Amino acid sequence: MGFKTYVLKKVLIYFSVLIASMTILYVFTFPILQQVIYKSIEYQVLQFEDTLLKYEEKYGSINATEIQIAVEKYKESLISAYGLNKPIIDKYFIQMYNLLHFNFGYAYFLQAPSGSKAVGTIIAYYLPNTILLFTTATIINIILGIIIGLLSANSKIWEKIIGIIAVIHSSLPTWWLGFILIAYLAYTMRIFPPGGMVSIPPPKNPFDYGLSVLDHMALPLISMLIVGVGGFSYVVRSLVTSTLKEDFVITAKARGLPNSTILYKHVLRAASPAIATQAILAVAGSFGGGLLIEVIFEWPGIGWLTYQAISQNDLPVILGVAYVLTIVLLIGLFLGELAYGLLDPRIKAGE
Amino acid sequence: MSEIRIGFSSYLKDFLSNKMGLAGLAILIVLLIFTGIALSIPSNVYHAWFNPAAWEEYPRHVPPAWMSIFYPGKYFTSENLSPTNISIKSYGKNLYIAIVSYQFNWSKKLPPPDVYFLVYCNTTSGEEEIYWTKPDGNTIEILVPSSSYNELFDLISVKSGIIDYIFSVTGKMPSTVSSELLSSALFNSPKSDFTVTEQGKYSVKIEIISLSPIKITASYLLLIGNSYGLMGTDYFGRPIDLGILLGLPNALGIGALTSVVSVLVGVFVGGIAGYLGGNKDAAIQWVILVFLTLPTLPFLIAVSFVVRPSLVLEALLISFLSWPGYAIIARSAALSIKSNAFVEADKLLGIPSYRVFFTHFMPRLIPMTVAYMALAVPGGILLSQSLAFLGIAPANTVNWGEMLNSAYTYQAQANGYWWWVIFPGLMIVIVSMAFVFIGFAIEKVTLGER
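The text that follows walks through the structure, step by step, so that each part is easy to find.

What counts and how
- Residues numbered from 1 in each chain as written.
- Chains lettered and ligands numbered in written order.
- Predicted model: local features only at pLDDT ≥ 70, side-chain atom pairs only at ≥ 80, totals over all residues.
- Contact = placed C-beta atoms within 7 Å.
- Helix = DSSP H or I, 4+ residues; strand = E, 2+ residues; numbered from the N terminus.
- Nonpolar A, V, L, I, M, F, W, Y, C, P; charged D, E, K, R; others polar.
- Buried ≥ 20, exposed ≤ 12 C-beta atoms within 10 Å, placed from the backbone.
- Pairing = 2+ DSSP bridges.
- Axes fitted to C-alpha atoms, helices over the stretch in contact; angles between N-to-C directions.
- Parallel < 35°, antiparallel > 145°, perpendicular 65-115°, else oblique.
- Left-handed = near helix turned anticlockwise from the far one by under 90°.

Looking at the interface of chain B and chain A
Taken together, the 37 residues of chain B in the interface contact 43 residues of chain A. Of all the elements in the fold, those that place two or more residues in the side of chain B that touches chain A are helix 8 (278-293), helix 9 (296-304), helix 13 (366-389), helix 14 (400-409), helix 15 (412-415) and helix 16 (418-447) of chain B. Top contributing element to the side of chain B that touches chain A by residue count: helix 16 of chain B, with eight residues. Tallied by class, residues from the side of chain B that touches chain A come to 29 nonpolar, eight polar and no charged.

Encoded structure:
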C-alpha cells in the first residue's frame with residue numbers, strides 16, 4: 001500500500017463517516033429541522049409573492065387570482081423540493097442532499113453584512129474568522145507542545161512544569177480565563193483591546209489592518225495557549241518517554257551519539273506519527289469547547305454567531321452551525337490523517 | 001504495573017501516601033460537605049434565585065464585606081434599624097398621628113447607596129411624611145406618595161421631595177436621578193455641594209396621619225451597605241456565595257454522572273475493539289471516528305432546542321459525545337494487554353473467548369478505568385458550565401456558568417465587578433482540580449507513571 005492507496009482509503013472512510021455523523025445529527029435534530037424548513041418555505045413564498053406584486057404594479061398584466069395560483073404552485077413545488085410531502089426515507093435523502101450542499105434555509109432574524117438571510121451565506125462570512133483564530137492557536141500550541149514535551153524528557157524542572165500546566169489544562173475553562181484577562185489586561189491595564197477583531201473604524205492600509213487584527217488576536221490566543229499547551233505537551237512527553245525505552249535508542253547510545261541528537265533526530269522522528277494523531281485529537285477537542293472564547297472576546301466567528309443565534313432563538317443558524325462544524329472538524333481530522341501518512345515511513349514504503 | 005505489590009489495599013496505601021491525591025481528596029471531602037449543606041436548603045430558595053423581587057433589600061453589585069479590612073471606612077454592610085420610639089396620638093375623634101422615630105450614628109466616609117423604609121400599619125393612612133434631620137440640625141421634609149403607603153419603599157420612590165431639596169440648595173435640577181445621588185443629598189453636607197459626608201447623629205421621623213385609629217404593625221429603616229457577605233452580590237442583589245453553594249450539587253452531579261457513563265462505555269467499547277482486532281476492530285474504530293467528528297458544543301446546543309434537557313439527560317448527552325476519547329485510550333491499552341502471553345495461553349486451554357474477555361482481559365483495564373473516571377469529571381463539569389454560560393441549563397437549577405453569563409451580560413469586566421467573575425469561575429476550577437489531582441494520583445499509583 002503506497003501513499004496514494006492510503007489517501008484513497010482514507011477518503012472513502014472519511015466520506016462514509018461524514019454521511020454517518022450527519023445522519024446522527026439529522027436524527028437528533030429532526031423535529032426542529034422540519035420546523036425550520038417550513039418557515040424557510042414560507043419566507044421564500046413571501047418573497048416570490050412580493051416580486052409578483054411588484055411586477056404587477058409595474059406592468060399590470062396579471063390579476064390577483066393568477067398571482068394566487070402562481071404562489072400556490074410555487075409553494076407546492078418548494079414543498080416537494082424539500083421532500084416534506086414524501087415518505088420519511090425520501091425525505092431523509094432529499095434533506096441530506098440539501099445539507100451536504102450547505103442549503104440550510106433562511107435565518108429568522110440574523111443576517112450577513114451583505115443583507116442575505118441565507119444561513120449558508122451567514123456562516124460563510126463568519127467561518128474564516130474562526131478558522132484564522134483556531135489554526136493560529138493550534139499551530140502555536142503544537143509547536144510549543146513539542147518543544148516543552150521534548151525538553152521535559154531529560155529535565156526535572158520541565159517535568160514539574162508539565163505537571164502544573166497539565167492540571168491547568170484540564171481544570172481551567174478557557175473562556176473564564178479570557179474573561180479575567182479582559183477585565184485585568186484590557187480594562188484595568190489597557191494593554192490589549194477588550195474585544196472585536198479590528199479597531200473601529202477599520203484601518204484602510206492592509207498592513208495596518210493586519211497589525212490591528214494581530215493586536216486583537218493576542219489576548220484570545222494567550223488565553224487559549226495558557227490552557228491548551230498543557231494537554232498537548234503532556235501527551236508529547238509521554239510519547240517521547242515511551243519511545244526512549246525502545247531498543248534503537250539504546251543502540252544509538254551505545255554508538256556514542258550525543259543525547260540531543262538521539263532526542264531530536266531519532267526519537268522525534270519515530271514518535272512523530274503518534275504525535276500527529278494526538279495533535280488531531282487535540283484540535284478536535286479544542287474546537288468544540290473553545291467556541292466560547294469568541295463570545296467573550298466578541299470575535300466575529302462561528303462561536304459568536306452561535307451565541308447570537310441562541311439569544312434570538314434563531315434555529316436555522318444553530319442547525320447550520322452544527323452541520324458546518326461537523327464538516328469542518330472532519331476536514332481537520334482528515335488533514336491530520338494525511339500528515340500521519342506523510343510522517344509514517346511504513347505507509348510510504350507500502351508495508 | 002508493579003509485580004510485587006498487587007491488590008486494592010496496596011493501591012490504597014500508595015494513594016494515601018501521594019500528596020497530590022490527598023490534596024484532591026481533602027478538597028473533595030470539603031466539597032461534599034458543602035453539597036450536603038446545599039441539598040438541605042429548601043427548594044423555595046432555589047426558586048427565589050430566579051425572582052429579582054426576592055433580592056430587593058440586598059445591596060446591588062457590591063464587593064465582599066471583607067474589603068473593609070483593606071479599605072477601612074470605605075466599605076460597610078447594610079444596617080437594619082428598629083425604631084427608637086413609636087408615638088401615637090389622637091387629636092379629636094377623627095385625627096390620629098403616629099410618629100415612628102429612628103436615631104443612628106453615621107461615621108462612614110460615604111453615604112449608603114440606598115435607604116429603604118418600611119412602615120406597616122393597620123389602616124390606610126391619609127398622609128405620610130419623612131422628616132430627615134442631619135447632624136447639623138437641618139431637616140429635610142419628604143412627602144411619601146400614596147402609592148408607597150404600606151409598602152417597602154426606597155429613595156427612588158420618594159425622589160420628588162429630595163429633588164426639591166437638592167434644587168433649593170444648589171439651584172439646579174439634577175440631570176440623572178439615581179439612588180446614590182438621592183442618598184448623597186440626605187447624607188452629605190449641603191455646604192460642600194453634597195460631596196462630603198456629614199458624620200454624626202441622624203434622626204429620622206416618619207409621620208403618618210390618618211382619620212382612623214392607627215396601629216403600627218411593623219417598621220424598620222434599612223441603610224443599604226456597599227459590601228456584602230463573603231463574595232459580594234450580583235446586579236440583582238443576589239449573594240454570590242449563596243449562588244455558588246446552590247450551584248454545587250448539580251455541578252458535581254453532572255460531572256460524576258458524565259464521567260461514569262462515558263468512561264464505562266468508552267473502556268468497554270475500546271476494550272472489545274482491542275481484544276477482537278481485525279475487521280471488527282476496524283468497524284468499531286469507524287464508529288468511534290463518527291462520534292469523534294460530532295462537534296460537542298454545537299451538537300448539544302442544537303439538541304437542547306429539541307428537548308430542554310434535565311440534569312440526567314444533559315449528562316447522558318454529554319457522555320454520548322465524550323466516550324470516543326476514552327475508547328481510543330482503552331483500545332491502545334487493550335492492544336498492549338493482548339500481546340501478553342496469558343491471552344495466548346487461555347486460547348490454547350480452550351477457554352471461551354467471552355470468558356477470557358470478562359475474567360482475564362477486562363479486569364486489567366480496571367485501574368485505567370478508575371483513573372479516567374476521576375479525570376473525566378472535570379471534562380463533564382467544564383462542558384456543562386460552558387453550556388450554562390450559553391444559556392442552556394436544566395430548568396430551575398443554579399449554575400456557575402449562568403452566573404458568569406449574567407456577569408458577561410452586565411459587563412462585569414468593564415464595570416470592575418471582579419467578585420462576580422472571579423468566584424463562580426474559581427469554583428469551577430477548584431472542583432475540577434480536585435478530580436484532576438485524584439485522577440493523576442490514581443494513575444500514578446496504578447500505572448506507575450507521572
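Considerations on the pairing of strand 2 (residues 85-90) of chain B
Residues and elements named next belong to chain B. Taken across its six residues, strand 2 has zero buried, putting it largely on the surface. Relative to strand 3 (residues 96-106), strand 2 is paired through six bridges, and the arrangement is antiparallel. The residue of strand 3 that forms the bridge with Ser-90 is Tyr-96. Linking two consecutive strands that pair antiparallel, namely strand 2 and strand 3, is a turn of five residues; a positive phi of about 75° is found at Gly-92 within it.

With respect to the sheet that holds strand 5 (residues 127-133) of chain B
Within a beta sheet, neighbouring strands are joined by backbone hydrogen bonds and run either parallel or antiparallel to one another. Residue and element names in this part refer to chain B. If you walk across this open sheet you meet the five strands as 2-3-8-5-6, and the pairing is antiparallel. Each edge of the sheet is formed by a strand with only one pairing partner; in this case those strands are strand 2 and strand 6 (139-143). Each adjacent strand pair in this sheet contributes to an overall mean axis angle of 15°, direction not counted. In this structure, strand 5 lies alongside strand 8 (residues 200-210), joined through seven bridges in antiparallel fashion. Along strand 8, the bridge assignment pairs Glu-128 with Ile-208.

With respect to the sheet that holds strand 7 (residues 152-154) of chain B
All names here are of chain B. A sheet is described by the order of its strands in space; here four strands give the open sequence 1-9-4-7, paired in antiparallel fashion. Of all the strands in the sheet, the pair left with one neighbour each is strand 1 (79-81) and strand 7. Taken pair by pair, the neighbouring strands of this sheet meet at an average axis angle of 20°, ignoring direction. As defined by bridge partners, strand 4 (residues 115-121) adjoins strand 7 across three bridges and the pair is classed as antiparallel. When the sheet's bridge partners are listed, Phe-117 is paired in strand 7 with Phe-153.

Some remarks on the packing of helix 7 (residues 240-276) of chain B against helix 16 of chain B
Residue and element names in this part refer to chain B. Where helix 7 contacts helix 16, the two axes come as close as 11 Å, and the packing angle between them is 30°. Taken together, the axes of helix 7 and helix 16 lie roughly parallel to each other. Here helix 7 runs over helix 16; the crossing is right-handed. Residue-level inspection shows Ile-240, Ile-244, Ala-251 and Leu-252 of helix 7 in contact with helix 16, the latter providing Trp-419, Trp-420, Phe-423, Pro-424, Met-427 and Val-431. Residues that form the contact of helix 7 with helix 16 fall into these classes: ten nonpolar, no polar and no charged.

Quick notes on helix 12 (residues 302-311) of chain A
Counting buried positions over the ten residues of helix 12 of chain A gives eight, a clear majority of the element. Every buried residue belonging to helix 12 of chain A is among Ile302(A), Gly303(A), Trp304(A), Leu305(A), Thr306(A), Tyr307(A), Ala309(A) and Ile310(A), and all of these are buried. Packed against the buried residues of helix 12 of chain A are helix 5 (119-151), helix 11 (291-297) and helix 13 (315-343) of chain A together with helix 9 of chain B. Two residues or fewer past helix 12 of chain A, Asn313(A) is found with a positive phi of approximately 55°.

Digging into the environment of Pro194(A)
Residue and element names in this part refer to chain A. Its location among the elements puts Pro-194 in the loop between helix 7 (174-188) and helix 8 (206-244). Looking at Pro-194, the number of C-beta atoms within 10 Å reads 19, which means it is partly exposed. For the pair Pro-194 and Pro-220, spaced 26 residues apart in the sequence, the C-alpha separation amounts to 9.9 Å. Discounting residues that sit within four places of it in the chain, Pro-194 has contacts with Ile-182, Ala-186 and Tyr-187.

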